[in-house]
Amino acid sequence: MKAITQTCLLSAALLTVSVSARATEKPGTLKETFKDRFLVGTAVNRGMVTGGAGFRRSPEQTAKDVALVKEHFNQITAENDMKWQLVHPRDGKDGYDFGPADAFVNFGLSNQMYVVGHTLVWHSQTPNWVFAGTNPPPTNATGNVAANTNTPATNQFGRGRFGGGFGGGFGRYSGPRASRDELLQRMREHIHTVVGRYKGKVKSWDVVNEAIADGTGTNVLRNSLWLEIIGPDFIAKAFQYAHEADLNAILRYNDYGLENPAKRKKLITLIKSLQAQKVPVHAIGSQAHLNVSISFETMDQTLTEIATLGLPIHITELDVNSAAGGQRGFGADIANNAATTQGGLVSDADKKLTDAYAGIFRAFLQHRDSVKVVTFWGANDANSWRANGKPLLFDGNSQPKPAFDAVIAEAKKASLAK
Ligand code: XIL
């Protein structure tokens, strides 16, 4: 009896020691752990950089989110505030609203972070005035305004995260249009003004976002107002203007769904053609809005093929949806993403998320020559655009999830962490 009591006491003591050792032995931060391989970034929202309340976050919660951002990340991207709709909502001399974008850049610089600008030319979150003019829109055989065939391509900015702007009833602009020259002139002025303002401060820009068509059809480019009004060289022009505005900025082409072989093939076709024309594209941005069915093999194959372009790869918007409704395919267009985020979590969601993140990071680590930046699309589950899918490494209270441990464990296996 005495012996048993002693053993119990001893193991209790040992337990206390190991528990307290564990509590004091903090796992490394993301930025420290991966510092020899790539930057680890996050999208930040307006509340975080202005010190106010965030989207559905109280000032106290936002302060906690900010602490998490500072602790773990050495790179930031503005989740919305540099999009045309927000930074340049009106035509004319007083058309720009630079306040939030300035706050974002200052936040990054004062915290020694690598600042990324997102995004200059996109079919979404772009105000109607940009495309408006006096040319009647084209009509199809039945006399209706030609339909936008492959995307809800909104130009609205919704009230909430998914509100309004994602299909949900708002079509794209269908009124009289600008001419090619007018639209090119507006694009040039916008890019020169925005890139010029942050020259030397914003180190990298998503110059063109999501220009590639989904699906297995033969169209490489998505049907958008940019394409219809300017023609396919809108992409080359955008890169040329951005390069003029800041010769040292790293200019990215950014898109989603590159884990899908058909879409990846189109990316390679597009970028090779830009390279043949000597267009200044400096890096490939792969959004990586994934779901828990993603495998190491798929990520490995994706990175191997993109790397053949000979450019650095930046993972620009990483998240891994574990909502049941989000399991249909690789990060769909934003309209579909919003829709497919609905529904409960997949069964055993935490475990699946953990395994998915382990495979994803194993692939990033193996592709060390290519992957230079890994940006999460949000710091924790509460401020994710796909919050229902609990897609990030930290929960809504900024506590690390098992997926966080798995990512650190991958670094250890690659002998990055002690
Ligand atoms: C999303 C933001 O996270 C949301 O807050 C906003 O309402 C819509 O846009 N691809 C992109 C990002 O390039 O800009 C999108 O961000 C997500 C998909």
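Here the structure is a predicted model, which means the values were calculated and not measured. (Residues numbered from 1 in each chain as written. Predicted model: local features only at pLDDT ≥ 70, side-chain atom pairs only at ≥ 80, totals over all residues. Heavy atoms only, no water.)

## Comments concerning the overall build of the protein
Applicable threshold: By the criteria applied, helices consist of DSSP H or I runs no shorter than four residues and strands consist of E runs no shorter than two, each listed in order from the N terminus. Throughout, exposure labels follow a simple rule: accessible area from a 1.4 Å probe, protein chains only, divided by the maximum for the residue type, with under 20% read as buried, over 50% as exposed, and the rest as partly exposed. Pairs of residues are marked as contacts when any of their non-hydrogen atoms sit within 4.5 Å. Each accessible area is a Shrake-Rupley estimate made with a 1.4 Å probe; only the visible protein chains count as cover when residues are assessed.
Assigned secondary structure in the protein consists of 14 helices and 10 strands. Looking at the 418 residues of the protein, the share that counts as buried comes to 54%. Taking as baseline every contact in the protein between residues at least 6 positions apart, the subset at least 24 positions apart corresponds to 79%. With an accessible surface of roughly 17,700 Å², the protein has 55% of that area assigned to carbon and sulfur atoms.

## Notes on helix H4 (residues 59–72)
Here is the rule: Here the expected span of a helix is defined as 1.5 Å times the quantity of residues minus one.
In this model, H4 (14 residues) spans 20 Å end to end at C-alpha, consistent with the 20 Å of a helix rising 1.5 Å per residue. Turning to H4, the residues buried within the fold contact helix H2 (30–33), strand S1 (39–44), helix H3 (46–50), strand S2 (75–78), helix H6 (99–110) and helix H14 (402–413).

## Some details on unusual backbone geometry
For the bond running from His-118 to Thr-119, omega is 0 degrees, close enough to zero to count as cis. By secondary structure assignment, the location of Thr-119 is in strand S3 (residues 114–121). With phi around 55 degrees, Glu-210 is a residue other than glycine that occupies positive phi space. Positionally, Glu-210 belongs in the loop between strand S5 (202–209) and helix H8 (225–230). According to the relative accessible area criterion, Glu-210 is buried, its value standing at 2%. The phi dihedral of Ser-398 is positive, around 65 degrees, even though this residue is not glycine. Residue position: Ser-398 is located in the loop between strand S10 (371–376) and H14.

## Some thoughts on the environment of Phe-296
Of note, Phe-296 is situated in helix H11 (residues 296–307). Its relative accessible area of 17% is what places Phe-296 among the buried residues. Spatially, the C-alpha atom of Phe-296 lies 4.3 Å from that of Gly-359, the residues being 63 residues apart in sequence.

## Digging into the pattern of salt bridges
A side chain with one charge may pair with a side chain of the opposite charge, provided their charged atoms come close. The following threshold applies: The term salt bridge refers to a pairing of a side-chain nitrogen on Lys or Arg with a carboxyl oxygen on Asp or Glu at a separation within 4 Å.
Applying the stated criterion across every chain, the model contains 17 salt bridges. In this structure, the salt-bridge partner of Asp-65 is Arg-57, at a minimum N-O distance of 2.9 Å. The same class applies to Asp-65 and to Arg-57, which are both buried. Among the charged side chains, a salt-bridge network with shared partners connects Arg-172, Arg-177 and Glu-228.

## With respect to the packing of helix H10 (residues 261–276) against H11
Let me state the cut-off plainly: Fitting a line to C-alpha atoms yields each axis, with helices limited to the stretch in contact; the angle taken between N-to-C directions then spans 0 to 180 degrees. Here the angle decides the label: under 35 degrees means roughly parallel, over 145 means roughly antiparallel, 65 to 115 means roughly perpendicular, and every other value means oblique. If you view the pair so one helix is near and one far, a crossing is left-handed when the near helix is turned anticlockwise from the far one by less than a right angle, and right-handed when it is turned clockwise.
For the pair H10 and H11, interaxial distance at closest approach is 10 Å and the crossing angle is 15 degrees. Classified by the angle between their axes, H10 and H11 sit roughly parallel to one another. Here H10 and H11 pass one another in a crossing that is right-handed. Of the residues in H11, those touching H10 at Arg-264, Leu-267 and Ile-268 are Gln-301, Thr-302, Glu-305 and Ile-306.

## Topic: the confidence of the model for the protein
Definition in use: pLDDT expresses how confident the predictor is about each individual residue, on a scale running from 0 to 100.
Residues at a pLDDT of 70 or more form 82% of the protein, whose mean pLDDT is 86. Segment residues 327–332 is flagged for pLDDT under 50; beyond a separation of four residues in sequence, or across chains, it makes 20 contacts in the model.

## Remarks on the packing of H11 against helix H13 (residues 349–366)
Viewed as axis vectors pointing N to C, H11 and H13 meet at an angle of 30 degrees, and their least axial separation amounts to 8 Å. By the angle class used here, H11 and H13 are roughly parallel. Here H11 and H13 pass one another in a crossing that is right-handed. Contacts from Phe-296, Met-299, Asp-300 and Leu-303 in H11 reach Gly-359, Ile-360, Arg-362, Ala-363, Phe-364 and Gln-366 in H13.

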